[in-house]
Amino acid sequence: MENIKAFIFDLDGTVYLGDEIIPGAKETLEWVRNKNAQIKFVTNNPRFSREFYVNKLNKLGIQASIDEVVTSANITAMYLKEKEIYGKIFPIGEEQLETELQEAGLDLTDQDPDTVVVSFDTSLDYKKLMIAYKALNKGANFIATNPDTVCPTPDGGLVDAGAIIAALEASTNRKLEGVLGKPSSLLAEMLLSQLNLSPAECVVVGDRLNTDIKLAKKSGMKGAWINAENESLSKDTEHMPDYMIHSIAELPSLFEKADAQ
Ligand SMILES: [Mg+2]
C-alpha cells in the first residue's frame, strides 16, 4: 500500500449496481481519500457526461470531482485533440459524444472526414454507415470510444460500438486502429499521464477480468478483482489479478493486511 498512490475504480458493478450503491463503497472511498491517494472513476459508457457521473456519485453519498471521472467519450476526445493527424471527425455516436468532441475543440463533418469515430449509437442509420464506409475506403483514420459489442442491461443488453465496428470492418476490409475504453493501452497511457505516476503506483479495482483487470495487467498496474459472483479463476486466465476480493468493502482490509505483513 505504501507504494500505491492512485486507485482507479470501475463504476457499474464496483461502486454501484444500476442506481444502488454497493454496501461499503462510501466507506472505502473515504478510506482512500484519507490515505491521500489519487482517485479515478473510469467507465466505458460514452453516453453520459462526466458531470452526470459526479452527480450520480454525490447522490449516493460519494465525493467526486469532474477531473476524477473518465468516460470513454471524454478520453477519446482528449486523445484525438492531442494528436494533430486526426483532423476533421465524423462521429457515429450520440449527442454526448458530439458534445465531448466539440468541447475538446475538434471539428465535426460528414464531408470527407479525416477520422471516423465509432461509439454506442441508438440513432445509427444507413446514412451514417455509408458516410463512414466511404471515408474509410478513402483512408480515413478508424477510431472507437469502446470495444464492447453489447452493453449489458437487466433485460438482455443493447447493441454497442463493437458491433458497429464489426460492420464497418467487414464492409471495408479495414481494421480498427485505436480504441480508448477499457482495456485499451491508450487509455492506460492517458490515465498514467493524468495521474503523473508510474504503473506500479496504481491499482485498478473492478469486477470484469477482460476489461478492468486486463487494463491493469497490460500496462503494469496492479489489478484488484471484485469477484462478487464467486467465480473460479482458471489457470489459463490471460490476465491474472494481483488481488481478489468479493466486494469493494473489502479493499481497506486487503491493503491494511498487506501492509502489516
Ligand atoms: Mg463493472
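Calculation notes
Residues numbered from 1 in each chain as written. Predicted model: local features only at pLDDT ≥ 70, side-chain atom pairs only at ≥ 80, totals over all residues. Helix = DSSP H or I, 4+ residues; strand = E, 2+ residues; numbered from the N terminus. Buried ≥ 20, exposed ≤ 12 C-beta atoms within 10 Å, placed from the backbone. Contact = placed C-beta atoms within 7 Å. Axes fitted to C-alpha atoms, helices over the stretch in contact; angles between N-to-C directions. Left-handed = near helix turned anticlockwise from the far one by under 90°. Nonpolar A, V, L, I, M, F, W, Y, C, P; charged D, E, K, R; others polar. Domains from an automatic or database assignment. Pairing = 2+ DSSP bridges. Right-handed = clockwise from strand over helix to strand, strands pointing away. Arc of directions from axis to C-beta.

**Focus on the overall build of the chain**
And then number 1: Of regular secondary structure, the chain possesses 9 helices and 14 strands.
And then number 2: In terms of overall dimensions, the chain has a C-alpha envelope of 60 × 40 × 35 Å along the principal axes.
And then number 3: Relative to its 261 residues, the chain shows a buried fraction of 39%.
And then number 4: Here the analysis covers contacts within the chain between residues at least 6 apart in sequence; of these, 65% occur between residues at least 24 apart.

**A word on unusual backbone geometry**
And then number 1: Geometrically, the link from K182 to P183 is a cis peptide bond, its omega value of 5 degrees lying close to zero.
And then number 2: Looking at the secondary structure, you find P183 in the loop between β11 (178-179) and α7 (185-195).
And then number 3: A positive phi angle is found at N173, which is not glycine, with a value near 65 degrees.
And then number 4: Its location among the elements puts N173 in the loop between α6 (161-172) and β11.
And then number 5: Take N173: there are 8 C-beta atoms within 10 Å of it, and that puts it in the exposed class.

**Describing the environment of T43**
And then number 1: Within the fold, T43 resides in strand β4 (residues 38-43).
And then number 2: Residue class for T43 comes out buried when judged on the 24 C-beta atoms lying within 10 Å of it.
And then number 3: Taking the C-alpha atoms as reference points, T43 and D212, separated by 169 residues in sequence, lie 9.8 Å from one another.
And then number 4: The residues touching T43, leaving out its near neighbours within four places in the chain, are L11, D12, Y53 and T71.

**Examining the packing of helix α3 (residues 72-82) against helix α4 (residues 95-103)**
And then number 1: For the pair α3 and α4, interaxial distance at closest approach is 8 Å and the crossing angle is 30 degrees. When you trace α3 past α4, the crossing you get is right-handed. Contacts between α3 and α4 involve A73, N74 and A77 from the former and Q96, L97, E100 and L101 from the latter.
And then number 2: The residue inventory of the contact of α3 with α4, partitioned by class, reads 4 nonpolar, 2 polar and 1 charged.

**Structural notes on the domain arrangement of the chain**
And then number 1: Taken domain by domain, the chain comprises domain 1 (6-44 + 182-260) and domain 2 (73-179).
And then number 2: For domain 1 versus domain 2, the distance between C-alpha centres works out to 27 Å.
And then number 3: Counting residues at the interface gives 5 residues for domain 1, matched by 7 residues for domain 2.
And then number 4: Considered class by class, the residues forming the side of domain 1 that touches domain 2 number 3 nonpolar, 2 polar and no charged.

**Considerations on the sheet that holds strand β6 (residues 89-92)**
And then number 1: Across the sheet, 4 strands lie side by side as β6-β7-β8-β11; this open sheet has parallel pairing. Of all strands in the sheet, those with a lone pairing partner are β6 and β11, marking the two edges.

**Some details on the pairing of strand β7 (residues 115-118)**
And then number 1: Burial along β7 is two-sided: T115 and V117 facing one way and V116 and V118 facing the other are all buried.
And then number 2: Here 4 bridges tie β6 to β7, and the two strands are oriented parallel to one another. Within β7, the position partnered with F90 by the bridge is V116.
And then number 3: Handedness of the crossover joining β6 and β7 through α4: left-handed.

**Remarks on the sheet that holds strand β1 (residues 6-10)**
Strand pairing in a sheet relies on backbone hydrogen bonds, with the paired strands running either antiparallel or parallel.
And then number 1: Across the sheet, 6 strands lie side by side as β5-β4-β1-β12-β13-β14; this open sheet has parallel pairing. The strands lining the two open edges of the sheet, one partner per strand, are β5 (69-71) and β14 (243-245). Sheet twist, expressed as the mean angle between neighbouring strand axes with direction ignored, is 20 degrees.
And then number 2: Bridging between strand β13 (residues 222-226) and β14 involves 3 bridges; their strand directions are parallel. Each residue of the ladder has a partner; that of A224, found in β14, is Y243.
And then number 3: Sitting on the sheet, helix α2 (residues 50-59) touches β4 and β5, and the angle it makes with β5 is about 130 degrees.

**Quick notes on α4**
And then number 1: The set of residues buried in α4 consists of Q96, L97, E100 and L101. Within α4, the buried residues cover an arc of 135 degrees as seen down the axis, which keeps them to one side. Away from its buried face, by an angle of more than 90 degrees, α4 presents the exposed residues E95 and E103.
And then number 2: Looking at the buried positions of α4, the neighbouring elements they touch are α3 and β6.

**Looking at the environment of L80**
And then number 1: Within the element layout of this structure, L80 appears in helix α3.
And then number 2: Given 25 C-beta atoms within 10 Å, L80 falls into the buried group.
And then number 3: Expressed as a C-alpha distance, the spacing of L80 and M244, which sit 164 residues apart in the sequence, is 35 Å.
And then number 4: Residue contacts for L80: discarding those within four places in its chain leaves Y86, I89, L106, T115 and I143.

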